[in-house]
Amino acid sequence: MSKVMEKTGLRERLNWRVVSWLLVGVGAFVIVGANVHLVYVATGSQSACVDHLKAEGSDGTYRAAASAC
């Protein structure tokens, strides 16, 4: 053990179990916050109604199933 750690008692003051649980808590908070933000953006942003062709697709192209307007 280094003399600095012996003099200051840093090893005794630094509880690694508490530090690890704090890191886990911060990580969980970041993940939950990111998911809340994604849900907020997904529900809060509605694109404007876009005109589309209502005829059946041809040559393997896709069309909107139903108009949202």
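Residues numbered from 1 in each chain as written. Predicted model: local features only at pLDDT ≥ 70, side-chain atom pairs only at ≥ 80, totals over all residues. Heavy atoms only, no water.

Here's the deal with the overall build of the chain
Then comes step 1: The number of helices and strands found in the chain is three helices and zero strands.
Then comes step 2: Classification of the 69 residues of the chain by burial places 1% in the buried group. (Helix = DSSP H or I, 4+ residues; strand = E, 2+ residues; numbered from the N terminus. Buried < 20%, exposed > 50% of the residue type's maximum accessible area, 1.4 Å probe, protein only.)

Focus on a nonpolar patch on the surface
Then comes step 1: Residues Val26, Phe29 and Val30 make up a contiguous nonpolar surface patch of roughly 330 Å² in combined accessible area.
Then comes step 2: With respect to the secondary-structure elements, Phe29 resides in helix H3 (residues 16–44).
Then comes step 3: According to the relative accessible area criterion, Phe29 is exposed, its value standing at 65%. (Patch = residues over 30% accessible without salt bridge, like charges linked within 9 Å, V, L, I, M, F, W, Y side chains within 5 Å. Areas by Shrake-Rupley, 256 points an atom, 1.4 Å probe, with all protein chains shown as cover. Salt bridge = Lys/Arg side-chain N within 4 Å of Asp/Glu carboxyl O.)

Quick notes on the confidence of the model for the chain
Then comes step 1: On average, residues of the chain score 76 in pLDDT, and 46% of them reach the 70 mark or higher.
Then comes step 2: Taken element by element, the chain is modelled with least confidence in helix H1 (residues 3–8), mean pLDDT 58, and with most confidence in H3, mean pLDDT 94. (pLDDT = per-residue confidence, 0-100.)

With respect to H3
Then comes step 1: Over its 29 residues, H3 runs 41 Å from end to end, which matches the ideal 42 Å to within 8%, given 1.5 Å per residue.
Then comes step 2: Little of H3 sits out of view: just zero of its 29 residues are buried. (Expected span 1.5 Å × (residues − 1).)

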